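# Structure assessment
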Amino acid sequence: MDVKIAQSWKEKLQSEFSKEYFRTLVDFVKSEYKSQTVYPPGKDIFSAFDHCGFEDLKVVILGQDPYHGPQQANGLCFSVRDNIKMPPSLVNIFKEIKSDLGKAVPTSGNLQRWADQGVLLLNATLTVRAHSPGSHQNKGWEIFTDAVIKAVSENKSGVVFMLWGAYAQRKGEVIDGVKHLVLKSPHPSPFSADRGFFGNKHFSKANEYLRGLGKTEIDW
């Protein structure tokens, strides 16, 4: 099956595209886009991969579902389009960056500039029906994104994985913690940020690790 995904990723994930689960997933997603309002726009489903080539990847941040409100989702986890109000979890991410690194909170919640520096902003599920969180879970996306994480863990070294919340931490159990830096904390959601997301210093820790490997740090 020919999937429109960045070439550097296509080579690593080609075997997934021919599997039965992926064919079934594609049929489901196509039918949803025809009959429902689905986010993100079809051209942005694989944005996380298009903006962060496999060879350039330095950091992986795991999310769960795309945002399900109008104009929000752009294919990058936690990110919203320019001129869209920042959701609470993203507000808290920028609060932690300000506390950790002293950087001012930006006016835009579009995280494409992170992706372009080598941050894979990966949701577990890459599509969602409008106003219906979790509506595309258990359709095959999670199997695919598990394969993505496994491919990164096995084929690269010195990658920082940021696993926020129990869901991301379960999904990250396949990561080789010897080859990579695995950072864990509660989720940045307002329901849990005060329980250890604030003060986790993941952004400075990531940059310190990258510097130690002779890599360019991320401009958060």
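Residues numbered from 1 in each chain as written. Predicted model: local features only at pLDDT ≥ 70, side-chain atom pairs only at ≥ 80, totals over all residues. Heavy atoms only, no water.

### Description of the sheet that holds strand 6 (residues 181–185)
On the basis of which strands lie adjacent, the open sheet formed by 4 strands has the order 3-2-5-6 and parallel pairing. The open sheet has two edge strands with one neighbour each: strand 3 (119–123) and strand 6. If you compare each strand with its neighbour and ignore which way they point, the axes differ by 20° on average. Where strand 2 (residues 59–63) and strand 5 (residues 160–164) come together, 3 bridges link them in parallel fashion. Residue pairing for strand 5: Ile61 is matched across the bridge by Met162. Contacts between helix 6 (residues 141–155) and the sheet are confined to strand 2, strand 3 and strand 5, with strand 3 contributing the most and set at about 155° to the helix. (Pairing = 2+ DSSP bridges. Helix = DSSP H or I, 4+ residues; strand = E, 2+ residues; numbered from the N terminus. Axes fitted to C-alpha atoms, helices over the stretch in contact; angles between N-to-C directions. Contact = heavy atoms within 4.5 Å.)

### Looking at the pairing of strand 5
Most of strand 5 sits out of view: 5 of its 5 residues are buried. Judged by which residues are buried, strand 5 turns out to be covered on both faces: Val160, Met162 and Trp164 on one side and Phe161 and Leu163 on the other are all buried. The pairing of strand 5 with strand 6 spans 5 bridges and is classified as parallel. Looking across to strand 6, one finds that Phe161 is bridged to Val182. With respect to chirality, the unit in which strand 5 leads through helix 7 (residues 166–171) into the neighbouring parallel strand 6 is right-handed. (Buried < 20%, exposed > 50% of the residue type's maximum accessible area, 1.4 Å probe, protein only. Right-handed = clockwise from strand over helix to strand, strands pointing away.)

### Section: the pairing of strand 3
For a regular strand, the rule is simple: side chains alternate between the two faces of the sheet. Counting buried residues in strand 3 gives 5 out of 5 residues, a clear majority hidden from the surface. Alternating positions in strand 3 separate into two faces, Val119, Leu121 and Asn123 on one and Leu120 and Leu122 on the other, with burial throughout. Summarising the sheet, strand 2 and strand 3 pair through 5 bridges and their orientation is parallel. Residue pairing for strand 3: Val60 is matched across the bridge by Leu120.

### Considerations on the environment of Gln137
Within the secondary structure, Gln137 sits in the loop between strand 4 (128–129) and helix 6. The partly exposed category is assigned to Gln137, whose relative accessible area is 25%. For the pair formed by Gln137 and Thr125, sequence separation is 12 residues and the distance between their alpha carbons is 6.2 Å. The residues contacting Gln137, other than those within four sequence positions of it, are Gln64, Asp65, Thr125 and Glu142.

### Describing the side chain of Asn110
Position of Asn110 relative to the elements: it lies in the loop between helix 4 (88–101) and helix 5 (112–115). Apart from residues no more than four positions distant in its own chain, Asn110 is found in contact with Asn74, Leu76, Ser79, Val80, Arg81 and Asp82.

### A closer look at helix 6
An α-helical turn contains 3.6 residues, so a residue and the one three or four places further along point in the same direction. Over its 15 residues, helix 6 extends 21 Å from the first C-alpha to the last, a length consistent with the 21 Å expected when each residue adds 1.5 Å. Among the residues of helix 6, Trp141, Glu142, Phe144, Thr145, Ala147, Val148, Ile149, Ala151, Val152 and Ser153 are the ones counted as buried. (Expected span 1.5 Å × (residues − 1).)

### Looking at the pattern of salt bridges
Summed over the entire model, instances satisfying the criterion amount to 8 salt bridges. One salt bridge in this structure joins Asp219 and Lys103, with 2.8 Å as the shortest N-O distance. Here Asp219 is found in the segment after helix 8 (202–212), whereas its partner Lys103 is found in the loop between helix 4 and helix 5, with 116 residues between them in sequence. Linking Asp146 and Lys171 is a salt bridge whose minimum nitrogen-to-oxygen distance equals 2.6 Å. Placement of the pair is Asp146 in helix 6 and Lys171 in helix 7, with a sequence separation of 25 residues. Overall, the relative accessible area of 36% leaves Asp146 in the partly exposed class. (Salt bridge = Lys/Arg side-chain N within 4 Å of Asp/Glu carboxyl O.)

### Considering the packing of aromatic side chains
Enumeration over the complete set of coordinates arrives at 19 aromatic pairs. With a centroid separation of 6.1 Å and an interplanar angle of 70°, the aromatic rings of Phe94 and Trp114 are classed as edge-to-face. Pair noted here: Phe94 is in helix 4 and Trp114 is in helix 5, with a separation of 20 residues, a long-range link. Accessibility assignment for this pair places Phe94 and Trp114 in one class, buried. One aromatic cluster is present, formed by Trp9, Phe17, Tyr21, Phe22, Phe46, Phe49, Phe54, Trp141 and Phe144 through successive ring pairs. (Phe/Tyr/Trp six-rings, centres within 6.5 Å; stacked < 30°, edge-to-face > 60°.)

Read these as layout, nothing more, since geometry by itself doesn't imply function.
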